[in-house]
Amino acid sequence: MSLIRSLSAVRAVLMIATLALAGCQTAPWTRVETPDAITVTNSKRTFVPPAGWIRWNGAPSGVVVTRDGTPIQFIRAADMTHEQAFRAIRKTSNADLLPNELAELLIATRKAMPGMSGLAVTSNEPATFGGLDGVRLGLTYRDERGASFDHLVYAAAETEGVFMIEYHALSKHYFARDLPEFEKVVASVSSEKKAKK
Amino acid sequence: MRLRRAIRAAGIACLVAAVGAQAATPPFERPVRPAELEEPEQRVWSEAEDVDLALSRSGQLLRDDEVEAWLASLMLRLFPDFGAALRVRIVRDPEMNAFCLPNGSIYMNLGMLARVRNTSQLATILAHEGVHFTHRHGFQQRSSLVTTAGFTQGAGIAGGLVGALLGSLVGMSSIRGFSRTHEREADRVGFGRLLAGGFDPRESVAVFQMLTAESKAMGLNDTVFFASHPQLDERIKTFRELSAVASPPAVPTSDAALQAFQPRLQREWMALEASMGQGGRLVHQLTRPDAADFYPPEAPYYLGEGYRLRGDAADRNAMITAYESAAQRAPTFAPAHAALGVVHFKAKDCARAAPHLRSYLDLAPDGPLRAHVSRMLEKCR
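Residues numbered from 1 in each chain as written. Chains lettered and ligands numbered in written order. Predicted model: local features only at pLDDT ≥ 70, side-chain atom pairs only at ≥ 80, totals over all residues. Heavy atoms only, no water.

A. Structural context of the sheet that holds strand β1 (residues 29-31) of chain A. Residues and elements named next belong to chain A. Overall, antiparallel pairing links the eight strands, which are arranged β1-β4-β5-β6-β10-β9-β8-β7 in an open sheet. Strands with a single pairing partner mark the edges of an open sheet, and in this sheet they are β1 and β7 (117-129). Averaged over neighbouring strand pairs, the angle between their axes works out to 20° when direction is ignored. When strand β5 (residues 63-66) meets strand β6 (residues 73-81), the two strands line up antiparallel, connected through three bridges. What sits directly across from V65, in β6, is I75. With respect to the sheet, helix α4 (residues 174-187) is in contact with β6, β7, β8 (132-142), β9 (148-157) and β10 (161-170), its orientation differing from that of β10 by roughly 155°. (Pairing = 2+ DSSP bridges. Helix = DSSP H or I, 4+ residues; strand = E, 2+ residues; numbered from the N terminus. Axes fitted to C-alpha atoms, helices over the stretch in contact; angles between N-to-C directions. Contact = heavy atoms within 4.5 Å.)

B. Seen up close, the pattern of salt bridges. Scanning all chains against the criterion turns up 34 salt bridges over all chains. E268(B) is paired through a salt bridge with R92(B); the nearest N and O atoms lie 3.1 Å apart. Taken as a pair, E268(B) in helix α12 (residues 256-275) and R92(B) in the loop between β2 (87-91) and β3 (98-100) lie far apart in primary sequence, 176 residues in all. Exposure remark for R92(B): the relative accessible area of 28% places this residue in the partly exposed category. R352(B) is the salt-bridge partner of D349(B), the closest N and O atoms lying 3.9 Å from each other. Connected via shared salt-bridge partners are R67(A), D68(A), R177(A) and D178(A). (Salt bridge = Lys/Arg side-chain N within 4 Å of Asp/Glu carboxyl O. Buried < 20%, exposed > 50% of the residue type's maximum accessible area, 1.4 Å probe, protein only.)

C. Looking closely at the packing of aromatic side chains. Counted by the stated rule, this structure contains 21 aromatic pairs over all chains. Pairing Y154(A) with F182(A) gives two aromatic rings, centres 5.9 Å apart and planes at 50°, and the pair type is tilted. Here the residue Y154(A) occupies a position in strand β9, and F182(A) occupies one in helix α4, the gap between them amounting to 28 residues. Of the two residues examined, Y154(A) and F182(A), each falls in the buried class. Judged by centre distance (4.8 Å) and plane angle (75°), the ring pair of F294(B) and Y295(B) falls under edge-to-face. (Phe/Tyr/Trp six-rings, centres within 6.5 Å; stacked < 30°, edge-to-face > 60°.)

D. Spotlight on the interface of chain B and chain A. In this complex, chain B contributes 29 residues to the contact, which on the side of chain A involves 28 residues. Here chain B meets chain A over a buried area of about 2100 Å², counting both sides, of which 46% is carbon and sulfur. Here chain B is connected to chain A by two salt bridges. Between K346(B) and E101(A) there is a salt bridge, with the nearest N and O atoms lying 2.8 Å from each other. At the boundary of chain B and chain A, one finds six residue pairs in polar contact (both at pLDDT 80 or more). If you tally residues by element for the side of chain B that touches chain A, the top one is helix α19 (residues 370-380) of chain B, at five residues. Grouping the constituent residues of the side of chain B that touches chain A by class yields 11 nonpolar, nine polar and nine charged. (Buried area = accessible area lost by both parts, 1.4 Å probe. Polar contact = N/O pair within 3.5 Å; in protein donor to acceptor, adjacent residues only side chain to side chain. Nonpolar A, V, L, I, M, F, W, Y, C, P; charged D, E, K, R; others polar.)

E. Structural view of the nonpolar core. Residues L71(B), L78(B), M108(B), L122(B) and L126(B) are the most contacted members of the largest nonpolar core, which totals 78 residues. Apart from residues no more than four positions distant in its own chain, L78(B) is found in contact with A123(B), L126(B), A127(B), R193(B), L194(B) and F199(B). Judged by nonpolar contacts, the second largest core, of 24 residues, contains W53(A), I75(A), F163(A) and Y167(A). (Core = buried A, V, L, I, M, F, W, Y, C linked by side-chain atoms within 4.5 Å.)

F. Summary view of empty space enclosed by the protein. Residues and elements named next belong to chain B. Applying the stated rule across the entire model yields four cavities of 30 Å³ or more. Looking at the second largest cavity, the residues that line it are F28, E41, V44, W45, P102, H132, R136, H137, G138 and F139. Classifying every residue of the lining of the second largest cavity gives five nonpolar, three polar and two charged. (1 Å grid on protein atoms, 1.4 Å probe; cavity = no way out; pocket = protein on both sides within 12 Å on 5 of 7 lines; lining within 4 Å. Points joined across faces, edges and corners; volume = space filled by probe spheres on them.)

G. Representation of the confidence of the model for chain B within the structure. All names here are of chain B. For chain B, mean pLDDT is 83; residues scoring 70 or higher make up 81% of the total. Ranking the elements of chain B by mean pLDDT puts helix α7 (residues 145-157) last with 35 and helix α18 (residues 350-363) first with 98. Considering only residues more than four positions removed or in separate chains, one finds that residues 1-22, a stretch of pLDDT under 50, has 41 contacts. Scored as a complex, the prediction yields pTM 0.81 and ipTM 0.80. (pLDDT = per-residue confidence, 0-100.)

Next comes the structure, spelled out in structure tokens:
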């Protein structure tokens, strides 16, 4: 009898804990239903994700949305401090970086990523987006399995840090298909204050 | 993923094989086919072939038929009894490094080929690596926690795929994996091969002195190459002793072939080094007393890049001087003009920036910085 009572108590505790966790935690993936602007984590920048895409709430940094899954394609927006942005190559950035210098750091960072090979620059030009003067950098690379990816990144160095919005997709079929969506997302970047968190 | 699996499997195979290889394993006396070997060694050999395949697909190998053919001819001089069993390939890695897999595949880093001063220095490294194969060190090697740590450490030091890849390979093949006993054996037997091949034994000392100098300049206790090898100083002493009792070859080894293709390898190496964003090694190498004669005329541009990438404000004047020297020594080399244009543009000195920016566009109308340079010129107007 006492054992049954104990088991019931344990079950009750587990149920309460489960309910509490369900109440506290956000689902790992959320469909973007309405075209509301999202504020980038730790940033004043916002962007409008493509409707119907899925937001990955567990992204380690910045905001990540995908249509078919991150192994296939994703858009990521992130604002990093100058100390964080190029930590992988033991470099710090600053607000005075010219777009070509920023591109150089981005390329070196990508080259330092494990599992990436055959990195090639497809485009490298100054760009203005969201009111920022920055760079538009196109790259291709192969992953560990030999799959070819295209990567397009817009980045700008500001006083507080480096803001970037990037698009990765499998070169075959997906990159070209979703590129117009990405360019729309870039065009939506702004510093508006009223945005969905 | 396949690559990592192959490397991991190779490491495990080495572990398994090592248990069975405790008894002294006699060196190969002739080229062997894997089928002639016992099953554990066959497995090690097979895994090494997987690594070869993965490396060839990685895009990190530098294909240069002329250089590879010349390296093959050096191996034949060093190991005539092994024919084509030892094959040398070139890896796009700026480190001064080389390694040998248990199946006789030797990988020579671009950073080594670009920096050795003569053929005998290169032959010293090739002989050493070749002995790891002929004496079956890959099969005999015993894995330990130290080796496992070496895998991670190596991957951390070098960057990108090559870093991850070589970090592991370094652990499993020659650089870190072999014991001091094996390294000493490779040095000693390799020295014998060097002499028999008609190379200058005194250069064996020079190549290790160069590694020591770089190691010290880069603030490393020992180079990655020699982290678990006998200490560099000890090896220099050994080679000095061996050289003292060895006669130089009657006919000096020709460096003509090396000198013919080394400039293009040096250009590749300098560009690779700069593209990885680290300037320290460029500064160290390109300020050596013989650098002006040893490296191609564009080298001062990369020295300037080295200063810039090092990121020390005190280097600014040296950086500008180096860029100017490059523009003078190699006036048609567009990147030197872009660099000078950018430096002056950042200093808001358009009068000095504009001519260089225009030179860049004239010399490299389709150059990678065209759009950026054009934008700077617009802003200067």
